[in-house]
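Residues per chain are reported as follows:
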Amino acid sequence: MYWAGFRRQSRYVASLAVGVAANVFFGIIRSALFVSLYRQKEHVAGLDVTAVLTYVWVLQVVFGVVFVTWIWEFADSVRSGDFAAELVKPGAVLGRLLAVDLGRSSFALATRGLPQLAVAGIVLDLRLPTTPPGVLMFALSLALCAVAASQLRFLFGSLAFWTPDYRGWWTMLFGFLWFTGGFLVPVEFFPGALRWIGEHGPLAGLLAMPVRVATGRGAASALAEQACWVVVAAAACHSVMATAERRMVIHGG
Amino acid sequence: MGSPYGALAGAKVRSLASAPGLLVLRSAGDVFIVTMEALAPLLLVSQFGSIAGWSGPEVAMLIGVARTGEGLALIVGRGIDPNTFGDTVRLGRFDQILTRPVSPLLWLLTSDVELRFVFRAAAGAGVVGWSAHRLSVLSPGTAVVLAAAAVASALFVLSTLVIGAAVTFRTVEGSDFAVLLSNGGMGLAAFPLEVYSSALRLIFTFLVPVGLCVYVPVLTVLDRDGPGVLGPGLLPVLPVVVGAFAGLSLLTWRQGIRHYESTGS
């Protein structure tokens, strides 16, 4: 299932090219902004310019994994009723959904994300892992991020079991996720308790923790926290799926 | 309401109003996103002291102008955004539009009016109003400049969408690049242009005139000078360049229609 998802995504070459162009463009804008800011101050909230530039380019990688082009597919299939066919297929529904989704996001990661990060790492002064254990931990952290993003998309998409207004809810959630996930400003710049939530809360596994692992700031503990949130989210996915399957019977007819 | 365009837009508005829940949710989401975006420069300034010499409210004014313009454009721009219009062309629906006794472009613009973007524009205007109040620069004169900036930004976004739609006649994917131009341009204009290299500044002022639409009017209102040639003195050039850009987009659109080959199936 994973490879089917991977191959499926490989068909969309043009949309991939646009995605890369958009990523690179916004990466350049953000880099320029932070380079200019760090001319005024060398250290801010424990981060120097190298750490923040690494954040910018890891963000570009993660963005393509979290805000994917197929974000509506699952919810739309629930709405249209096509999803009922999924329930008839053998095997665990949730596992199958996540495997396909992971395959697709792995393709995005491999072709769109990592090459960009590599080029940025050559052109700019970034703080990326250079030792084998460091590289391995970073790879693991990105994999956990992809799993967390898949789980998040499933949880959001399952809103469609309850309300036809899921696109409206998503607009709200998007703003929240974008800001508190640190996609607009690094979570380290948040004030007080908000910073703690941004660094350790359920959304930290998407961006903040992969950045910590990449730059080697408490990498091991960040990885452990990331894994914990994936386990919590998996439990949430299972209970939502169990409830939703019962609702699906009401919908079908 | 005498024109078919008014009737079309009215019909779409009534259909949106019949699902108020969705409209409220999406509008609230849009307002929320603009608010979050305006908070970002305040956070950055609290950490760094300023953004290239600009205060938080000053940068927020740039974001507000950009989002107001974008919101205004998207109210009517939905029918020609690459996703919607790509489907219209691919599925052969554009044939039907061409047979109608109306302007195809105006038909597309008025048939898919999207009310939630009224709220994005309003949120942007709210951010502009808040920053103008905080900076004590609100006067009839500055209000006119800011309103002109929002209208110019809206024209800029609409023109890129029209260019994107025209490109769709030749290649369905190419239009996404046009949208990247408007999204990317707006993202760039959300911060003072001092932040960027001089090449990037010039490209996004004169070639892709987003800097002229957003940055130059705000410089005028704040009575600041920008780097190099950029400054309030450029304000009179704004209508000329934006007009030329809009004209170019209409030319591209006409060229595109002339090359339209329908879908062969």
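Residues numbered from 1 in each chain as written. Chains lettered and ligands numbered in written order. Predicted model: local features only at pLDDT ≥ 70, side-chain atom pairs only at ≥ 80, totals over all residues. Heavy atoms only, no water.

## Details of helix 4 (residues 73-80) of chain A
Residue and element names in this part refer to chain A. Listing the buried residues of helix 4 in full gives Phe74, Ala75, Ser77 and Val78. Here the buried residues of helix 4 occupy an arc of 160 degrees about the axis, which is enough to place them on one side. Contact partners of the buried residues in helix 4: helix 6 (93-123), helix 7 (132-157) and helix 8 (166-180). In the segment just after helix 4, Gly81 is the residue with positive phi, at about 95 degrees. (Buried < 20%, exposed > 50% of the residue type's maximum accessible area, 1.4 Å probe, protein only. Helix = DSSP H or I, 4+ residues; strand = E, 2+ residues; numbered from the N terminus. Arc of directions from axis to C-beta. Contact = heavy atoms within 4.5 Å.)

## Here we look at the interface of chain A and chain B
Tallying the contact residues gives 35 residues for chain A and 35 residues for chain B. In total, about 3000 Å² of surface goes out of reach between chain A and chain B, with carbon and sulfur atoms giving 81% of it. Counting across the interface, chain A meets chain B through zero salt bridges. Viewed at the interface, chain B and chain A are joined by five residue pairs in polar contact (both at pLDDT 80 or more). Sorting the residues of the side of chain A that touches chain B by element identifies helix 2 (13-37) and helix 8 of chain A as the ones contributing at least two each. A per-class count over the side of chain A that touches chain B returns 26 nonpolar, five polar and four charged. (Buried area = accessible area lost by both parts, 1.4 Å probe. Salt bridge = Lys/Arg side-chain N within 4 Å of Asp/Glu carboxyl O. Polar contact = N/O pair within 3.5 Å; in protein donor to acceptor, adjacent residues only side chain to side chain. Nonpolar A, V, L, I, M, F, W, Y, C, P; charged D, E, K, R; others polar.)

## What to know about the pattern of salt bridges
In this structure the tally under the stated criterion is 15 salt bridges over all chains. Among the salt bridges present, the one from A:Arg127 reaches A:Asp48, with a minimum N-O distance of 2.7 Å. Residue A:Arg127 is located in the loop between helix 6 and helix 7, and its partner A:Asp48 is located in the loop between helix 2 and helix 3 (49-66); the two are separated by 79 residues in the primary sequence. B:Asp30 serves as the salt-bridge partner of B:Arg120, at 2.5 Å between the closest nitrogen and oxygen. Remark: B:Asp30 occurs in helix 2 (residues 20-48) and B:Arg120 occurs in helix 7 (residues 116-134); sequence separation between them is 90 residues. With a relative accessible area of 1%, B:Asp30 lands in the buried category. A network of salt bridges, in which partner residues are shared, links B:Asp30, B:Glu37, B:Arg67, B:Glu70, B:Arg116 and B:Arg120.

## Some remarks on the side chain of B:Ser27
All names here are of chain B. Within the secondary structure, Ser27 sits in helix 2. A distance of 2.6 Å separates a polar atom in the side chain of Ser27 from the backbone oxygen of Leu23. Discounting chain neighbours no more than four positions away, the residues touching Ser27 are Arg116 and Phe119.

## As for the packing of helix 11 (residues 210-222) of chain B against helix 12 (residues 237-258) of chain B
Two numbers describe a pair of packed helices, the interaxial angle and the distance between the axes. Residues and elements named next belong to chain B. Between helix 11 and helix 12, the shortest axis-to-axis distance is 10 Å and the interhelical angle comes to 165 degrees. Relative to helix 12, helix 11 is oriented roughly antiparallel. Judged by the sense of rotation from one axis to the other, the crossing of helix 11 with helix 12 is left-handed. Here helix 11 contributes Leu212, Cys213 and Pro217 to the contact with helix 12, which in turn contributes Val237, Leu238, Val241 and Val242. The class makeup of the residues in the contact of helix 11 with helix 12 is seven nonpolar, no polar and no charged. (Axes fitted to C-alpha atoms, helices over the stretch in contact; angles between N-to-C directions. Parallel < 35°, antiparallel > 145°, perpendicular 65-115°, else oblique. Left-handed = near helix turned anticlockwise from the far one by under 90°.)

## Remarks on unusual backbone geometry
All names here are of chain A. Of note in the backbone geometry, Ala45 takes a positive phi value of approximately 50 degrees without being a glycine. One can find Ala45 in the loop between helix 2 and helix 3. Residue Ala45 is classed as partly exposed on the basis of its relative accessible area, which comes to 23%.

## Quick word on helix 8 of chain A
Here helix 8 of chain A spans 20 Å end to end across 15 residues, near enough to the 21 Å set by a 1.5 Å rise per residue. Where helix 8 of chain A is concerned, the buried positions are A:Tyr166, A:Gly168, A:Trp170, A:Thr171, A:Gly175, A:Leu177, A:Trp178, A:Phe179 and A:Thr180. Buried positions along helix 8 of chain A lie against helix 3, helix 4, helix 7 and helix 9 (192-200) of chain A together with helix 2 and helix 7 of chain B. In the segment just after helix 8 of chain A, A:Gly182 is the residue with positive phi, at about 85 degrees. (Expected span 1.5 Å × (residues − 1).)

## Looking at the state of the cysteines
Residues and elements named next belong to chain A. Taken as a whole and assessed by the stated rule, the structure comprises zero disulfides over all chains. Cys228 takes part in no disulfide bond, and the closest cysteine sulfur, belonging to Cys237, lies 16 Å away. Classification of Cys228 as partly exposed rests on a relative accessible area of 49%. (Disulfide = S-S within 2.5 Å.)

## Section: the nonpolar core
In terms of nonpolar packing, the biggest core is built from 137 residues, with A:Phe183, A:Phe189, B:Leu44, B:Ile51, B:Met61 and B:Trp253 touching the most fellow members. Not counting residues up to four positions away in its chain, the partners in contact with B:Met61 are B:Val128, B:Ser131, B:Ala132, B:Leu135, B:Val137, B:Leu146, B:Val218, B:Val221 and B:Leu222. One finds A:Ala75, A:Val93, A:Ala160 and A:Cys237 within the second-largest nonpolar core, a separate group that totals 15 residues. (Core = buried A, V, L, I, M, F, W, Y, C linked by side-chain atoms within 4.5 Å.)

## Observations regarding the side chain of A:Gln226
As for its placement among the helices and strands, A:Gln226 is situated in helix 11 (residues 219-251). On the accessibility criterion, A:Gln226 (1% relative accessible area) is buried.

## Considerations on the packing of aromatic side chains
Enumeration according to the criterion identifies 30 aromatic pairs over all chains in this entry. Relative to A:Phe26, the ring of A:Phe25 has its centre 6.0 Å away and its plane inclined at 90 degrees; by these criteria the two rings are edge-to-face. Since its relative accessible area comes to 19%, A:Phe25 is described here as buried. The class of A:Phe26 is partly exposed, set by a relative accessible area of 24%. Centroid distance B:Phe94 to B:Tyr260: 5.0 Å. Interplanar angle 85 degrees. Geometry classified as edge-to-face. Linking B:Phe94 in helix 5 (residues 93-99) with B:Tyr260 in the segment after helix 12, this pair joins segments that are 166 residues apart in sequence. (Phe/Tyr/Trp six-rings, centres within 6.5 Å; stacked < 30°, edge-to-face > 60°.)

## Topic: the environment of A:Ser221
All names here are of chain A. Here Ser221 lies in helix 11. Each C-alpha atom of the pair Ser221 and His200 lies 10 Å from the other, and the pair is 21 residues apart in sequence. Polar side-chain contacts of Ser221 include one of 3.2 Å to the backbone oxygen of Gly218.

Functional significance is not addressed by these values, which are geometric in nature.
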